[in-house]
Every structure is written in structure tokens, then in C-alpha cells.
Amino acid sequence: MVPLSPLVSLVWVSDVPPEEVCWFWHPYIPIGKLSLLEGDPGIGKSWISLALARDASQGLKPGENVHHGGDPRNVLLVTAEDGVGDTIRPRLDKMGAGNTRVCCLEGALSLDPAGLETLGNKIAEVKPILVVIDPIQAYMPGVDINKANEVRQILAALAALAQKYSCAILI
């Protein structure tokens, strides 16, 4: 029998107290977790992401366009395909977003260790309830997205950021 590594341990499920899941959008996008919005090109994934940003920025219940008594919250958009001035701002304006609550990350970002640290610092600064990374592939240069072992490290690091900063990260 091979001994366990000092970094690996066992835990009995009966010894772990159950925890409530906090939701940004129940039952789709939990806070403190990583979520994936997937679909074919051109079907509106970016539009949905901006609608969720609008909801957060206005204190609306996501997906229902109904005010739930919550406070408006900050959103951080990390987008490689849409221009802030010609696409994101006009869409958010048309949707009625609270644009003082929506921040876009500008500049080159790679989700390598240094880039993940930068992203973490920006999340700590903005304190968003929602971080949207659109599209994730744009921030993974040199990574073969068809190889789980190459992608898994990045996804695990993003999940750790979501948990650390109590935000929902949507990719």
C-alpha cells in the first residue's frame, strides 16, 4: 500500500457540517463558485452576461427583472471580443444598467499565475458580486483547451478566486 501524501487527507462526510449555497441566480449561478455559460457562437451568451450585469448593477433579481430589495452590486467584465464604447456601453445603456457599478478590465491578461494574481487584485479592488470572463479561451494563450490537464489548473484557480472573494465567476 502506498502511503498518502502529507497534502492529501481523508475526511468522513459525517464529520463535515452541511453548508447553505448562496446564489447570484438560483439555481444557475452560485456565489463563490465558477459557472460556465456554453453554447454555439452567435446565440446571445454575451448578451445574457450583460443582462446579468445589469441585474446586479440595479439590485434586480437575476433573470426576472424584478427588484428584490437587494442593493446594487458591482460587476467586473473581462471581455476580449466586445469593445467597451461601441458594444458593451450601448448594450448596458439600452438594458438600463447602473453603469457606475460595471467595470471593465482593460489591457492584456493571461490566466497564468501572474495574470491570475492580477485578476485577484482587481477583484479585491472592485469587490464585484459577478465577474464575467468572455471568452475564456482568449485569456489562455498557449493552452490547448482540448486537454483537460491544461485547462483544469486555470479553472481551479478561478474557482479559488470566486471562493476567496465571495463572487460568482461566469465564463
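Within each chain, residue numbers correspond to sequence positions counted from 1 in written order. It should be noted that, the model being predicted, local features are given only for residues of pLDDT at least 70 and side-chain atom pairs only at 80 or more, the latter also being counted only at that level, while totals for whole chains, interfaces and linings use all residues. Only hydrogens and water are removed before side-chain values are computed, so all heavy atoms of the structure are retained for them.

The subject of this paragraph is unusual backbone geometry. Most peptide bonds take the trans configuration, and most residues that are not glycine carry a negative phi. For the peptide bond that leads from His26 to Pro27, omega is -5 degrees, which places it in the cis range. Along the chain, the position of Pro27 falls in the loop between β1 (23-25) and β2 (29-30). The amide bond that connects Asp134 to the next residue, Pro135, takes the cis arrangement and shows omega of -10 degrees. Although it is not a glycine, Lys127 adopts a positive phi angle of roughly 55 degrees. Of note, Lys127 is situated in the loop between α3 (113-126) and β8 (128-134). Here Lys127 falls in the exposed class, since its relative accessible area comes to 58%. With a phi angle near 50 degrees, Ser166 is a residue other than glycine that sits in the positive phi range. Comment: elements are numbered from the N terminus, with helices defined as DSSP H or I runs of at least four residues and strands as E runs of at least two. Inspection of the secondary structure assignment puts Ser166 in the loop between α4 (148-165) and β9 (168-170). Each residue is placed in one exposure class: buried if its accessible area under a 1.4 Å probe, protein chains only, is under 20% of its type's maximum, exposed if it is over 50%, and partly exposed if it falls in between.

With that out of the way, let us pick up α4. In a helix, the anticipated span is given by 1.5 Å times the number of residues less one. The first and last C-alpha atoms of α4 sit 25 Å apart over 18 residues, in line with the 26 Å expected at 1.5 Å per residue. Buried residues of α4: Val151, Ile154, Leu158, Leu161 and Ala162, and no others. An end-on view of α4 places all buried positions within 100 degrees of arc, on one side of the element. Counted as exposed and oriented over 90 degrees from the buried face of α4: Asn149, Arg152, Gln153, Gln163 and Lys164. Just downstream of α4 lies Ser166, where phi reads positive at about 50 degrees. To be clear, the arc concerns the directions from the helix axis to the C-beta atoms.

On to the pattern of salt bridges. Salt-bridge detection follows one rule: a side-chain nitrogen of Lys or Arg within 4 Å of a carboxyl oxygen of Asp or Glu. On inspection of all chains with the given rule, the structure shows three salt bridges. Among the ionic pairs, Asp55 bridges to Arg54, the shortest N-O distance being 2.6 Å.

For α3, which comprises 14 residues, the first-to-last C-alpha distance of 20 Å matches the rise-based estimate of 20 Å (1.5 Å per residue) to within 8%. Buried within α3 are the following residues: Gly115, Leu116, Leu119, Gly120, Ile123 and Val126. What you see down the axis of α3 is that its buried residues fit within an arc of 140 degrees, all on one side. Turned more than 90 degrees off the buried face of α3, the exposed positions are Pro113, Ala114, Glu117 and Glu125. Should any heavy atoms of two residues lie within 4.5 Å, those residues are counted as being in contact. Buried-residue contacts for α3 involve β6 (74-79), β7 (102-104), β8, α4 and β9.

Note that every value here comes from positions in space, so none of it alone points to a role or purpose.
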